[in-house]
Amino acid sequence: MLRTTPLNALHRSLGARMVDFGGWDMPLHYGSQMEEHHQVRREAGLFDVSHMLAVDLQGPAVRDFLRHLLANDVAKLKAPGKALYSCMLNHAGGVLDDLIVYHLSPTDYRLVVNAGTREKDLAWIRSQSAGLDLQIRERSDLAMVALQGPKAREILFGLLGETEREVVEALTRFQAAQVGERFVARTGYTGEDGFEILLPAASAEAFWQQLMAAGARPAGLGARDTLRLEAGMNLYGQDMDESTTPLESALGWTVAFDPPERDFIGRSALETQRAEGIPRLLVGLVLDERGVLRHDQRVLCGDSGEGVITSGSFAPTLGKSVAFARVPAGHADVLRVDLRGREVAVRLFRPPFVRNGQPADGL
Amino acid sequence: MTEIPADLRFLKTHEWVRRTDDGNFRVGISDHAQAQLGDLVYVELPETGRELAAGAACAVVESVKAASDVYAPISGRVLAVNEQLRDKPETINEDAFGEGWLFSLSANDPSAFDQLLDAASYAQLLAEQDH
């Protein structure tokens, strides 16, 4: 039995093609994945991301606990509402999940974790916090929608009263605020400006319809995947998992080694790996000729061996294919990919591939 | 879903064939196949003049989601390919049974056409796959 979000019936009435996404019945697209992708880059798209889970952590011990639990450091979060992207690691430095943590007050934090890892994450957080003075609340009562694109701001502002609007307008990137019954965060997974909004499940349908009436068009998981790939954002379970460290996953920037005395889970494993040399790297690839790079294709790296494409697709904004690949350290500058039995040259390119809706320089 | 034209014959792998007025045949992929693939981004077509054996992989249709081989429904020689697909592969999404044809061929044995699935049998096959 597939799990459903509070917007399931609405997706079906909008003609969505539904797919099993890690046990969830989710919209892949509503007609054309490509048009939805362009809609987000040029105007505004609306995604149901209610399969993701918000977890609220409250209590005097929360801040210190999160400084131990997460590889990034919540002490960086000074202003209320500020958010941080972080990996949650196991003791071997493998990535259990990637998540966003919101700082609501000194004793009150919110995590938003991936759908496919929610049970594992909760069990891990519970086991690691045993005996500490904190409460863990799973917010399955909330739906979550993402409004993304250059027109996201004006669309959302149009639906808000004056005081609400002032609060939302003042949000900086990676900041959130509770506005009435909605928790509005200026975050996303597309490379565009926009919001991720948590709200009571019972209010989700009406809110979605208001946003559509204001000009946002529904977009499915298909477009979400090509948008995040163009934006250079990793997908958990594909680009990193428990068998890879953040350092092998182009996520070294999310690991706070300073201050050196902060003892986070996985720290010693990462320090060992850093000292011994990181054996594999996650890199960006571009294919300038026809064809599509795809997950699991082999990357031939000459004398340094072989790598593998972790995420690859046709990139609609670029009109060509791009990918992330895990390759041996010390690889050559020009690599080759086995494309259905045909070897093609690919170019290394440091993501993001698309910035502010436009191809990055050099693409 | 577009209605399945009654004059077409099909392979189980979702290729269609139409007999044209000149006695030759046009080949494409079905509307069901394009819907499964989603937005098409590249099409590789066979060379004109190539001899195809029935069942041979002779073209590739590639979408954002997946690449898929196209098999020759009947044996014969490739007469022409649909050049407009090189720039506008989405034509297949828009009109799989018409403007989105892939190539035409002259059959070695035109009666092979009659051995393929007719529209009703193909519709039946799709209905069974739905369950």
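For the structure given in this document, a descriptive report is provided here.

Cut-offs and rules
Residues numbered from 1 in each chain as written. Chains lettered and ligands numbered in written order. Predicted model: local features only at pLDDT ≥ 70, side-chain atom pairs only at ≥ 80, totals over all residues. Heavy atoms only, no water. Buried < 20%, exposed > 50% of the residue type's maximum accessible area, 1.4 Å probe, protein only. Helix = DSSP H or I, 4+ residues; strand = E, 2+ residues; numbered from the N terminus. Arc of directions from axis to C-beta. Contact = heavy atoms within 4.5 Å. Pairing = 2+ DSSP bridges. Axes fitted to C-alpha atoms, helices over the stretch in contact; angles between N-to-C directions.

### Considering helix α9 (residues 267–276) of chain A
Residues and elements named next belong to chain A.
Next up, step 1: Three or more residues of α9 are buried, namely Arg267, Leu270 and Gln273. For α9, the arc enclosing every buried residue in end-on projection is 130°, short of the 170-degree limit, so these residues lie on one face. Relative to its buried face, α9 has exposed residues pointing more than 90 degrees away, namely Ser268, Ala275 and Glu276.
Next up, step 2: The secondary structure elements touched by the buried residues of α9 are β5 (83–89).

### Examining the pairing of strand β4 (residues 53–58) of chain A
Residues and elements named next belong to chain A.
Next up, step 1: Where burial is concerned, most of β4 is hidden: five out of the six residues are buried.
Next up, step 2: As paired elements, β4 and strand β7 (residues 108–113) share six bridges and run antiparallel to each other. Each bridged residue has a counterpart across the sheet, and for Val55 the counterpart in β7 is Leu111.
Next up, step 3: Summarising the sheet, β4 and strand β8 (residues 135–138) pair through four bridges and their orientation is antiparallel. When the bridges of β8 are listed, Asp56 appears paired with Arg137.

### A few points about the sheet that holds strand β7 (residues 67–71) of chain B
Residues and elements named next belong to chain B.
Next up, step 1: Strand order in the open sheet made by the three strands is β4-β6-β7, with antiparallel pairing throughout. Of all strands in the sheet, those bounded by a partner on one side alone are β4 (40–44) and β7. Strand-to-strand, the axes of this sheet are offset by a mean angle of 20°, without reference to chain direction.
Next up, step 2: Sheet topology places β4 next to strand β6 (residues 57–63); four bridges connect them, and they run antiparallel. Paired with Tyr42 across the bridge in β6 is Glu62.

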